[in-house]
Structure formats: structure tokens, C-alpha cells
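# Examining the three-dimensional arrangement
Residue strings, one per chain:
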Amino acid sequence: MIYKQRSMPKILIGLSALMPRLQASHAEMLRVSEDFRIRKAGYGGEQHFDKHLLEFKPHYPHAILHDVCLKQNGVYFQMDSVLITPAFILIIEVKNLAGKITVKSNPTQFIQESPTGERKVLSNPIAELNRKQLFLNEWLKQRKIDIPISGLVTFAFTNELIFENVLETKITFTNETPTYLYSLSVDKEIISKDTIRKLAFELRNNHQEYDPFPLTKSMNISPIDILPGVICPACNTRGMKWKPRKWACPTCNHTGPEYHIAALADWRCLMGNRITNREFRSFMLLNDRQVTTRFLARSGLSHEGKGKGSFYVMNEKKNKHESALHEL
């Protein structure tokens, strides 16, 4: 049973909001676009893995959780996927890498070779797994749970893999993972079905998602470099105009009444969860203060303060549209 689904990482949502609001010539655009490309590919690989894992339906009690980030001894550690069985826990590290991968040992190295022949030493996923196993073991001991923890590295898409030596940690391709999991022996009960269920809820409830917002602060980008304007969902032109009861795109003539909500979500990702009437007008390219006040009143935001010191707060629970607005 799946106790926690995977959702789009906030950093990916934020980067998709950031790119259309930076000048193409901005000094950070290359870094931002490359970071977005890598993270988008990684998330796509994880989604691909999740679909294949749906084939795994063993007869024994189990729990599956995707994308779990815990804190142990002041250190955060993130696990792509976790399988809990009566006999063991398996941490799964999902990798989405292109080209030929050569795996060496003593010391263990993953070397990526591009189609052009360029070679690059990658971060070692086995070392990452060992670290996560160590922290998860400590986290479980605090809850008086003692159960073997192992690791699995899975490549989201088929690569040319070359192993120079036999490794202790199993490496598979995503499409092979369900078959491999079925082959694992679950011949004793260290933890019961009820404990598996309780542990799955404990993991889910202790999950702490990384929050990079506002990106202008976490990525050291000046707020004055963020381009204002409501973005047209039809042609992606920035600078829709407000006409009576609707936004209108001057480029493609597309219209709609609530496109400022997507711009508000961008503001929260990039600038923070507070916005004043003046900031709203400036960001939406509005001239009418009264129209702005009506927009803010109807946007489900909390109004705090009085007079010139008043502002509006975007409650995260009231802005669940963020992930939908930035689906890739």
C-alpha cells in the first residue's frame, strides 16, 4: 500500500515561476535554466519509477512511501522511495542519467560518458544510500524499532551500464525493479502488520519538505530583477491588461477573469508570502487602487495591520493551485 505519493518539488515549481520573470540576458539565467532542466529530468525519472512500482503487489503486509525527508540529529536526509516489509526496510535511490555509466569499485565511482565521449565522475549514489541508511537506523532506534535496512539504486531509463567489479549494493533499471523486489525473501516477521502501518504514518507525519521560498533570497537574486505582469496562459506573453471583469492578452487576445491568481502564486514563490496593495498593483501592472483592493479581498488572503502598515498574507493551504499552475 502506498502511504505517501510523490508530489512536484517546491524548488521545481519555483524555478518554473522564475524563468519567465528574468531577462534572457540576466547573469543567473543560465544557472537557473540548467538547474530547472536537471531537476525536471530527475522528477520525470522518479515519476517513471513510480508507475513501474505499481506492478509490485506482494502478498505480505508492506508500505511504500515516496519522497520522504526526515531530520535526525539536526541533519536532513531525503529518501526517493521507501519500502517497509515485515523483515526489512529498503531505501530506493532513483537516478535519471543519460549516456554510458561505468561503475568502478575500490573506491566506488560512477563515471558518465556522453555521446560525444566526454567523461564525468558523478556523485556516488551508493555512498548516498549508506548515509541515509545510517540516519534512518538512528531515527528508528529512537522509536525502539530494530530492523535491517538495505538499499537499492535504480536507473529510471535504460543506460549502458558497465560494472568493473561486483558491488554489494544492488543496481537495477526501473522496469526490472518490481521483479527484483518480488525476488527478495520475506521469511520472518520482525515487525507486525500493525507496526508497519504505524511506522508508515510516523514517516509521513515527520516528513519535512524542503522550502526554498522565496527564491530571490535562497538563490541570491535581486527582487528588482523580477519582471512584473500577468502572464497569458495561451501564449506565455507577460503583461495582460485588466479590462472590465477580465484579463486580456494584447498579443493573442486571449481573455480570462482570474489569471492574477497565477501571478500571486509566482509572487509567493519568488518574493515571499506577504504582499501590500502597492506591491500588488506594481506586480500586476494595475493603476486603479480600488480594483486592486477588490482583487486582494477576493483572493482568499489574510489582511493584517492597518493603514500604510497593512499587508496581505498568502496562507500555503489556500494556495494549493501552485502545483497545478506550474505543471510541466
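Residues numbered from 1 in each chain as written. Predicted model: local features only at pLDDT ≥ 70, side-chain atom pairs only at ≥ 80, totals over all residues. Heavy atoms only, no water.

## Here we look at the overall build of the protein
For the protein, the helix and strand inventory stands at ten helices and 16 strands. Viewed in the frame of its principal axes, the protein has a C-alpha envelope of about 70 × 50 × 35 Å. Every one of the 328 residues in the protein was classed for burial, and the buried ones make up 46%. Of the roughly 17700 Å² of accessible surface on the protein, 49% is carried by carbon and sulfur atoms. (Helix = DSSP H or I, 4+ residues; strand = E, 2+ residues; numbered from the N terminus. Buried < 20%, exposed > 50% of the residue type's maximum accessible area, 1.4 Å probe, protein only. Areas by Shrake-Rupley, 256 points an atom, 1.4 Å probe, with all protein chains shown as cover.)

## Considering helix α2 (residues 29-53)
Here α2 is 25 residues long and its end C-alpha atoms lie 36 Å apart, about the 36 Å a rise of 1.5 Å per residue gives. For α2, the complete set of buried residues consists of Met-29, Val-32, Phe-36, Tyr-43, Gly-45, Glu-46, Phe-49, Asp-50, His-52 and Leu-53. Close packing links the buried residues of α2 with α1 (10-18), β2 (63-72), β3 (75-84), β4 (89-95), β8 (149-155) and α4 (177-183). (Expected span 1.5 Å × (residues − 1). Contact = heavy atoms within 4.5 Å.)

## Details of the sheet that holds β2
Think of a sheet as strands paired side by side through backbone hydrogen bonds, with each pair either parallel or antiparallel. Spatially, the six strands line up as an open sheet ordered β1-β2-β3-β4-β8-β10, and their pairing is mixed. Each edge of the sheet is formed by a strand with only one pairing partner; in this case those strands are β1 (2-4) and β10 (170-173). On average, each strand axis in the sheet is tilted by 35° relative to the strand beside it, whichever way the strands run. Bridge count for β8 against β10 is four bridges, and the pairing is parallel. (Pairing = 2+ DSSP bridges. Axes fitted to C-alpha atoms, helices over the stretch in contact; angles between N-to-C directions.)

## Description of the pairing of β3
Counting buried positions along β3 yields seven of ten residues, so the element is predominantly enclosed. Bridging between β2 and β3 involves nine bridges; their strand directions are antiparallel. Bridge pairing in β3 links Ala-63 to Ile-84. Where β2 hands over to β3, the hairpin turn is made up of two residues, of which Asn-73 adopts a positive phi near 55°. Counting the residues between successive antiparallel strands, the hairpin from β3 to β4 contains four residues.

## Describing the nonpolar core
Within the largest apolar cluster, 38 residues are counted, with the highest numbers of intra-cluster contacts made by Leu-15, Leu-18, Leu-215, Ile-275, Phe-280 and Met-284. Going through the elements one at a time, α1, α2, α7 (260-270), α8 (277-284) and α9 (289-298) are the ones with two or more residues in this core. The dominant element in this core, judged by the number of residues it contributes, is α1, at six residues. Sequence-distant contacts of Phe-280, that is, excluding residues within four places in its chain, are made with His-260, Leu-264, Ile-275, Leu-286, Thr-292, Phe-295 and Leu-296. Formed by 34 residues, the second largest nonpolar core is a distinct cluster that contains Ile-89, Ile-149, Val-153 and Ile-191. (Core = buried A, V, L, I, M, F, W, Y, C linked by side-chain atoms within 4.5 Å.)

## Details of the sheet that holds strand β9 (residues 160-163)
Strand order in the open sheet formed by four strands is β7-β6-β5-β9, and the pairing between neighbours is mixed. Every other strand in the sheet has two partners, leaving β7 (119-122) and β9 as the edge strands with one partner each. For this sheet the average axis-to-axis angle between neighbouring strands, irrespective of direction, equals 25°. Bridge analysis of strand β5 (residues 100-104) against β9 gives four bridges, and the strand direction is parallel. Bridge assignment links Val-103 to a residue of β9, and that residue is Phe-163.

## Describing the pairing of β4
Judged by how many residues are buried, β4 sits mostly within the fold: seven of seven residues are covered. Both faces of β4 are covered, namely the face carrying Ile-89, Ile-91, Glu-93 and Lys-95 and the face carrying Leu-90, Ile-92 and Val-94. Bridge count between β3 and β4: four bridges; the pairing is antiparallel. Each bridged residue has a counterpart across the sheet, and for Ser-81 the counterpart in β4 is Ile-92. Here β4 pairs with β8 via seven bridges, running parallel. Note on β8: the bridge partner recorded for Ile-92 is Leu-152.

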